[in-house]
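Close look at the chain arrangement
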Amino acid sequence: MNSFRVNKVLEEMKKLDVDKLLISDPASIFYLTGKWIHPGERMLVLCISLKGKHKLFINELFPVSEDLGIDKVWFNDIDDEVSMLAKYIGKNECIGIDKNWPCKFLLRLMDFLGKDTRFVNGSNLVDKIRMYKDEEEKMFMRKASQLNDMAVDKLINSVDKNLSEKEMSKILLSIYEDLGSEGFSFEPIIAFGKNTADPHHETDKSYVSEGDSVILDIGCMYKSYCSDMTRTVFYKNVSDKYKEIYNIVLEANKRGIAAVKPGVKFSDIDKAARSYIEEKGFSKYFTHRTGHSIGIDVHDLGDVSSANNEIVQPGMIFSIEPGIYLQGDIGVRIEDLVLVTEDGCEVLNKYSKELKVI
């Protein structure tokens, strides 16, 4: 167990009078124990208690021989694992529940413990701590982004009229493996031509044509930490209209990054990027938030949007990714990750954003 991180969780639990916290998210369990366990449909619970007797409830199918600094409670497929968990929880306590814990476990636990036990959403108790990266995490995130910079360069140079989006995705996976990453941090979005107007296009068998925009929204893993970046390029030539749209998105990206510093609101950063696109008459074509937090998960808690008035603080890492999408015509998105420093931010992606025709 990472005692420093666990103690931070305990501090947050005390503030909210949460007696026990049931953590089922594998990413948060990894964050606190250093061990990845993927239980599938089976129960996995790390129980953090204010009384200090923390326990990991785990199925025997997932042998964990390492000493994680925590008591393990083993069960098998014919045991009643929820009743075993219930025996460890006192009635009349306040129990924090992970946001993704299946209701098939939660509802049974509620039946066991009765109406005097209070249940609350406890996810933020860990997720908010995960928003602030320590020095080791920053190093991993920098390295993941460095690998992503190298990968996007190789991928851009692989774009060819004889390769489909799906084939490009396979090439990307091979590139990541050659670079020593741990594979995709999310399913890449590789889009040609009209497909670029769909922000979450699912890579298909489309081929690139002369004059198309090409969106490459890609990310890899390093030491279990995610990278994420987007570059838009043009195949063979680019029209004046497309140049204009690209340069508007580029300026919005730069303005969003320039607004990042401790003390500002996430909504202020969103406004810095969005207002420029609005000023240029494309407001209704920027259809998503400006960014999202990132770390062990590609989408950690927190986003860069008009609805988020939380204050930006050092150690946070999130994306700045404005875009313009004209349905049936073109899409442009430019995305970088930024690490908030004491007086501004560090841009983790170094790959050029200047307009590129390939």
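Quick look at the structure, then. Just so we're clear, the structure is a prediction, and the values are computed from it rather than from any experiment.

Spatial strand order, β14-β17-β18: three strands in an open sheet with antiparallel pairing. The sheet is open, and its two borders are formed by β14 (317-320) and β18 (345-347), each paired with just one other strand. For this sheet, the mean angle separating the axes of adjacent strands, direction not counted, is 35°. Two elements, strand β17 (residues 336-340) and β18, share three bridges in a ladder whose sense is antiparallel. The residue of β18 that forms the bridge with Leu339 is Glu346. Sitting on the sheet, helix α6 (residues 135-156) is in contact with β14, β17 and β18, with an inclination near 160° to β17.

We now examine empty space enclosed by the protein. Within the structure shown, the criterion is met by two cavities of 30 Å³ or more. Surrounding the largest cavity, Leu21, Leu22, Ile23, Asp25, Ser28, Ile97, Asp98, Lys99, Gly122, Ser123, Val126 and Asp127 form its lining. Listing elements by their share of the lining of the largest cavity, those giving two or more residues are β1 (20-23) and α5 (123-130). Residue composition of the lining of the largest cavity, by class: five nonpolar, three polar and four charged. Roughly 40 Å³ of volume is contained in the second largest cavity. Sort the elements by how many residues they give to the lining of the second largest cavity and strand β11 (residues 229-234) lands first, with three residues. Its residues placed into classes, the lining of the second largest cavity shows four nonpolar, two polar and four charged.

Here the focus is the layout of surface pockets. In this structure, the largest pocket occupies an estimated 330 Å³ of space. Considering the residues around the largest pocket, the lining is formed by 17 residues, among which His200, Asp217, His292, His299 and Glu321 are closest to the centre. In terms of residue class, the lining of the largest pocket is made up of five nonpolar, five polar and seven charged. The volume enclosed by the second largest pocket comes to roughly 210 Å³. Lining the second largest pocket, in full, are Asn124, Lys128, Met131, Tyr132, Phe266, Leu301, Gly302, Asn308, Glu310, Ile311, Gln313 and Met316. Across the lining of the second largest pocket, the residue classes tally to six nonpolar, four polar and two charged.

Let us now look at unusual backbone geometry. In the Ramachandran plot, Lys223 falls in the positive-phi region, its phi being about 55° despite a non-glycine side chain. For Lys236, which is not a glycine, the phi torsion comes out positive at approximately 75°. Structurally, the position occupied by Lys236 is in the loop between β11 and α8 (240-258).

This part is about the packing of helix α1 (residues 3-15) against α5. Running from N to C, α1 and α5 cross one another at 130°; their axes reach a closest spacing of 9 Å. With respect to each other, α1 and α5 are oriented oblique. Handedness of the α1/α5 crossing: right-handed. For the pair α1 and α5, the contacting residues are Lys8, Val9, Glu12 and Met13 in the first and Leu125, Val126 and Ile129 in the second. Broken down by class, the residue content of the contact of α1 with α5 amounts to five nonpolar, no polar and two charged.

Turning to the pairing of β14, a few remarks are in order. Each regular strand displays side chains that alternate between the two surfaces of the sheet. The alternating pattern of β14 places Ile317 and Ser319 and Phe318 and Ile320 on opposite faces, both of which are buried. By the bridge criterion, four bridges tie β14 to β17 in an arrangement that is antiparallel. Following the sheet pairing, Phe318 is matched in β17 by Val338.

What follows is about the environment of Arg274. With respect to the helices and strands, Arg274 occurs in helix α9 (residues 266-279). Sequence separation between Arg274 and Pro322 is 48 residues; the distance between their C-alpha atoms is 7.4 Å. Arg274 has contacts with Phe286, His288, Arg289 and Thr290, leaving out every residue within four places of it along the chain.

We now examine the packing of helix α3 (residues 81-88) against helix α4 (residues 103-113). Here α3 crosses α4 at 50°, and the two axes come no closer than 9 Å. The pairing of α3 with α4 is recorded here as oblique in orientation. Classified by chirality, the crossing of α4 by α3 is right-handed. Contact with α3, carried on its side by Glu81, Val82, Ser83, Leu85 and Ala86, involves Phe105, Arg108, Leu109, Phe112 and Leu113 of α4 and no other residues of that element. Split into classes, the residues belonging to the contact of α3 with α4 amount to seven nonpolar, one polar and two charged.

Turning next to α4. For α4, the complete set of buried residues consists of Phe105, Leu106, Leu109 and Leu113. Taken around the axis of α4, the buried residues stretch over an arc of 95°, which confines them to a single face. Opposite the buried face of α4, at more than 90 degrees from it, the exposed residues are Cys103 and Asp111. Where α4 ends, the next residue or the one after it, Gly114, has phi of about 85°, a positive value.

Now for the sheet that holds strand β2 (residues 45-49). The strands making up a sheet associate through hydrogen bonds between their backbones, and the pairing can be parallel or antiparallel. Within the open sheet, the six strands sit side by side as β4-β3-β2-β1-β5-β6. Their pairing is mixed. Each edge of the open sheet is held by one strand with a lone partner, namely β4 (71-75) and β6 (118-121). Taking the axes of each pair of neighbouring strands and ignoring which way they run, one obtains an average angle of 20° across the sheet. With four bridges joining them, strand β5 (residues 94-97) and β6 adopt parallel strand pairing. Along β6, the bridge assignment pairs Gly96 with Val120.

Calculation criteria
- Residues numbered from 1 in each chain as written.
- Predicted model: local features only at pLDDT ≥ 70, side-chain atom pairs only at ≥ 80, totals over all residues.
- Heavy atoms only, no water.
- Pairing = 2+ DSSP bridges.
- Helix = DSSP H or I, 4+ residues; strand = E, 2+ residues; numbered from the N terminus.
- Axes fitted to C-alpha atoms, helices over the stretch in contact; angles between N-to-C directions.
- Contact = heavy atoms within 4.5 Å.
- 1 Å grid on protein atoms, 1.4 Å probe; cavity = no way out; pocket = protein on both sides within 12 Å on 5 of 7 lines; lining within 4 Å.
- Points joined across faces, edges and corners; volume = space filled by probe spheres on them.
- Nonpolar A, V, L, I, M, F, W, Y, C, P; charged D, E, K, R; others polar.
- Parallel < 35°, antiparallel > 145°, perpendicular 65-115°, else oblique.
- Left-handed = near helix turned anticlockwise from the far one by under 90°.
- Buried < 20%, exposed > 50% of the residue type's maximum accessible area, 1.4 Å probe, protein only.
- Arc of directions from axis to C-beta.

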